[in-house]
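Letter by letter, the chains look like this.
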Amino acid sequence: MRLQVAAGGPAALKVLAAAGAAAAPVRLVWGGPLERPLAPLRPPWVPALELDSGTVLFSPNAICQFFFLARGEEPTDLTNQWLEWEATELQPAASAALYAQLVHGRKGLEAVQALGKLLAHIEQNLSRTGTAYLAGDTKSVADVVVWGTLFPVLQDETSLPSELQALRIWFQSMTLSEACRKAADSVLMPKALLEFKSYLQKQPPPCLAMERATSNEPEEEEGSERALTEEEITAAADAWARGAAALPKPWQPQKPVLPVEGMRNVLITSALPYVNNVPHLGNIIGCVLSADTFARYCRLRNWNTLYVCGTDEYGTATETKAVEEGLTPQEICNKYNAIHTDIYRWFDISFDYFGRTTTPYQTTIAQDIFQRLLARGFLLQDTVEQLQCEVCQRFLADRFVEGTCPFCGYKEARGDQCDKCGKLINAVELKNPQCKLCRAVPVVKPTQHLFLDLPKLEERLEPWLEQSWATGDWTANARYITRSWIRDGLKPRCITRDLKWGTPVPLDGFRDKVFYVWFDAPIGYLSITANYTDQWERWWKNPQQVELYNFMAKDNVPFHSVIFPCSLLGADDNYTLVNHLIATEYLNYEDGKFSKSRGVGVFGDMAKDTGIPADIWRFYLLYLRPEGQDSAFSWSDLMLKNNSELLNNLGNFINRAGMFVCKFFGGTVPNMVLTPDDKRLLARVTLELRQYHQLLEKVRIRDALRCILSISRHGNQYIQVNEPWKRIKGDEKDRQRAGTVTGVAVNMASMLAVLLQPYMPSVSLAIQGQLCIPLDCFVLSHDFTCTLPPGHRVGTVSPLFQKLENDQVEALRKRFGGGQAKQTPPASEPPPAPVTLMAPGDPQLIQELTEEVAKQGNHVWQLKANKAEKAQVDMEVAKLLELKKQLALAEGKSREDPVPKGKRKK
């Protein structure tokens, strides 16, 4: 077979990728549109395949299908549906987007507006099915064809909306596959792309009917906000007029919090942190802070909410730490439980109860579940080859063994996993194993253990999973990880260990063993609740009335989505199972990973020593919460977000609104006479408010935070356009206008105080105190109402945030850089930065940002010149784009942030 392709032509991408994926034996013939084609009627830049019979195919999709058919893969109905959809809907829109990029020079989201609903279609299908690929759990021709159409437009990842998590995972998986990567490297050469661009410039632009139909933007001016309807404007004005009386009354639950008939009862857990270490920022955002933000939101919605957590204290890790520190396991648990408690208290985590797993309730409940599983035939016995130290006279649990990794040769691999290559290891596979306690060489001996019969429980697990996925909100990575476990086939899972520190196994022949931590630890949610209230079963054996949300990082998913549910399903005692499993990706530190031993990164017990308030940490961690992909903490980015989003945007607006009331109206909210422009602002704010609700109801915490910042941007613009400080000096009409603008602005500030409460509780409380917001107004509704009516008295208004100075941040960067730091940290910290409010146009901030942009741009150029890894270049390009956005904001220009589907651009 002979395949003729033109480098630079996007259609060649899918064809070459399909040839590679199907291992098709083709002879490549490279040429441009002016080359003599294999098929005379073939359009320029379209590939052609000449078969051995002499037949020529010049439909790219037909060529791709032929390659897969030749390999013996018959298309399914679902595959054919995807191919038809790609040809009739995706391809025209992608062509329009690519034309906009190459010919008009549009970048990022602007160039892919045509793909909005189409990307959402892929996202919804991947999320709904939970499969790794479009037509199932294996790659098909549909994946290659759809990827090949998208990649020329989306290869710059800033173009892909961040909330499309399942799509991101699929797209990344396809892009990293060998066939797709080689095709992209071969086709999308710079010189060839220039030739293709030159060809496109001579062609008429693609029909934009599809682009408009699938765009979230109005048909008038490009980049403008979504047009408001008269109904929306009228409804917003009516809601405003109803005032605080229209708000629901804040509901205070009884203590202890118990499910209430007829109410929405929300039970929230965050993954139990290991007691043997200090949590770093990634641990904090991955579980407790995310769960806390959602719990606070639930309470503001008047949902009956219980949020529990605690330290996971049993297992090998605790025994190992006790040996290292010369303490007993119980002393280690007491020490680190207190450290965890102090850290979470400082971060203002609003647990209803923070407990621990070393309690009598843990033993009682875990042993009861075990006995029920045993009685129902869901446990197996088997002999396991295990390392035994003859000096210590004990079988060695995984973490009591060290040796050389059998996969990568790392000499300090643990008996359960290699920290270098990340592969799971059976301790007996280690080369040159040593007992970690005495450094003797252990011997392999058989020992009896108990196993949870997961294959037998699979018939119960799968129907429950389908029902939970259909009715609940599971993050895309949680579905994907769970699917992969089931796809690979469930195997019996060992639930016992040869340790002393743990929940005893109540079975003859095994009484010298304890439960394995991943059978035992999730039961801690139940036992911790039992320590909170003796009526714990009303939460944990009440699936008819209780919604359960689990928060965790992605590495904990299989234990919460497979192993723990299997234990509860097998126990058959009407247990409450997870409805919504919320998993984050990983948060990295600068360009590496957190490491306590190397002094790299900020850990929970260090954050309060930085002089940066807890709410600033909360804000920044939630702002970059790794919802769809890994993200990285950056000191320079923290400074930028603090100085622009908090100081220059949010704090600036709230301070100005309150100060105008104090300065121009004697501390009393003035009368307001709304104009049509004011009513449009109310409608615009209402849209943001409802988007905030929609996102948080789906636990898209990071995106909902953008709605708050968008509202304050609207407020700043409203004040800037109307200039109340000038109008107050004019005639009666001008003074009335100044009063209206001030009254509306201070009510926006009042609403922001409520919206901020889940994210920045101390700042929210400060705004409440300054504006004297009634406690009855601290409840969330879907309408923007006038909560501070004319005549309301405000208190003393003062700035909410302080500027972070570059010297201060650089000192912190060096202090927490460990081995990466080139200089010794200073002996003392710099004094607190002066409190300074900066409005748009501040020359000092513009100068700082201009220098940062130039510096980062040079860094990106050097990386590209040195041919650095694409992932590293992409990360630095993303930082550069963010810096440019911050500079545009400081200069008073509009930002072009990627925004969620259905949400207007700013």
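As the structure is a computational prediction, the values presented were derived from the model and not from experiment.

## Section: the overall build of the protein
Scanning the protein for helices and strands turns up 32 helices and 20 strands. Scored against the burial criterion, the 906 residues of the protein give a buried share of 56%. Within the protein, contacts between residues at least 6 apart in sequence are counted, and of these 77% link residues at least 24 apart. Carbon and sulfur atoms make up 52% of the accessible area of the protein, which amounts to about 37,500 Å² in all.

## Brief notes about helix H15 (residues 360–375)
Helical periodicity: at 3.6 residues per turn, an α-helix aligns residues three or four positions apart in one direction. Helix length check: H15 (16 residues) gives 23 Å between terminal C-alpha atoms against 22 Å at 1.5 Å per residue, within 8%. Every buried residue of H15 is listed here: Gln-362, Ile-365, Ala-366, Ile-369, Phe-370, Arg-372 and Leu-373. Looking down the long axis of H15, one finds its buried residues gathered within 165° of arc, a one-sided arrangement. H15 presents Pro-360, Thr-364 and Ala-375 as exposed residues on the side facing more than 90 degrees away from its buried surface.

## Describing the packing of helix H25 (residues 676–697) against helix H26 (residues 701–722)
Viewed as axis vectors pointing N to C, H25 and H26 meet at an angle of 170°, and their least axial separation amounts to 7 Å. With respect to their mutual orientation, H25 and H26 come out roughly antiparallel. For the pair H25 and H26, contact is made by Asp-678, Leu-681, Arg-684, Val-685, Glu-688, Leu-689, Gln-691, Tyr-692, Leu-695 and Leu-696 and by Ile-701, Asp-703, Ala-704, Cys-707, Ile-708, Ser-710, Ile-711, His-714 and Tyr-718, respectively.

## Details of the environment of Leu-126
Counting through the fold element by element, Leu-126 comes out in helix H5 (residues 116–129). Looking at Leu-126, the relative accessible area reads 5%, which means it is buried. Through-space distance from the C-alpha of Leu-126 to that of Ala-166 is 6.0 Å; in sequence the pair is 40 residues apart. Setting aside anything within four residues of it in sequence, one finds Leu-126 in contact with Thr-131, Ala-132, Tyr-133, Leu-134, Ala-166, Leu-167 and Trp-170.

## A few points about the confidence of the model for the protein
Put simply, the protein has an average pLDDT of 85, and 84% of its residues get 70 or more. Low pLDDT, under 50, characterises residues 819–841; the stretch is placed with 46 contacts to residues that sit more than four places away or in other chains. Across residues 894–906, where pLDDT falls below 50, the model places 52 contacts with residues more than four positions away in sequence or in other chains.

## What to know about the side chain of Asn-304
As for its position among the elements, Asn-304 is in strand S6 (residues 304–311). For Asn-304, a relative accessible area of 0% gives the class buried. Excluding anything up to four places from it in sequence, Asn-304 contacts Trp-251, Pro-253, Val-257, Leu-258, Pro-259, Val-260, Met-263, Arg-264, Asn-265, Val-266 and Trp-539.

## Comments concerning the pairing of strand S17 (residues 546–553)
For S17, a buried count of seven out of eight residues is recorded, marking the element as mostly surrounded by other parts of the structure. Judged from the six bridges that link them, strand S5 (residues 265–270) and S17 form a sheet pairing that is parallel. Across the sheet, Asn-265 pairs through a bridge with Val-546, a residue of S17. Sheet topology places S17 next to strand S18 (residues 580–584); five bridges connect them, and they run parallel. Following the sheet pairing, Met-552 is matched in S18 by Ala-583. Note on the crossover from S17 through helix H21 (residues 557–571) to S18: the handedness is right-handed.

## Describing the sheet that holds strand S3 (residues 48–50)
Strand order in the open sheet formed by four strands is S2-S1-S3-S4, and the pairing between neighbours is mixed. This sheet does not close on itself; its edge strands, each paired only once, are strand S2 (27–30) and strand S4 (56–57). Alignment of S3 against S4, held across two bridges, turns out to be antiparallel. Bridge assignment links Glu-50 to a residue of S4, and that residue is Val-56.

## Describing the sheet that holds S17
With respect to topology, five strands assemble into an open sheet ordered S7-S6-S5-S17-S18, the strand pairing being parallel. In this open sheet, the two strands that pair with only one neighbour each are strand S7 (353–356) and S18. Going from strand to strand, the sheet's axes swing by 20° on average, the running direction of each strand aside. Bridging between S6 and S7 involves four bridges; their strand directions are parallel. The partner of Cys-309 across the bridge, within S7, is Phe-354.

Criteria and thresholds
- Residues numbered from 1 in each chain as written.
- Predicted model: local features only at pLDDT ≥ 70, side-chain atom pairs only at ≥ 80, totals over all residues.
- Heavy atoms only, no water.
- Helix = DSSP H or I, 4+ residues; strand = E, 2+ residues; numbered from the N terminus.
- Buried < 20%, exposed > 50% of the residue type's maximum accessible area, 1.4 Å probe, protein only.
- Contact = heavy atoms within 4.5 Å.
- Areas by Shrake-Rupley, 256 points an atom, 1.4 Å probe, with all protein chains shown as cover.
- Expected span 1.5 Å × (residues − 1).
- Arc of directions from axis to C-beta.
- Axes fitted to C-alpha atoms, helices over the stretch in contact; angles between N-to-C directions.
- Parallel < 35°, antiparallel > 145°, perpendicular 65-115°, else oblique.
- pLDDT = per-residue confidence, 0-100.
- Pairing = 2+ DSSP bridges.
- Right-handed = clockwise from strand over helix to strand, strands pointing away.

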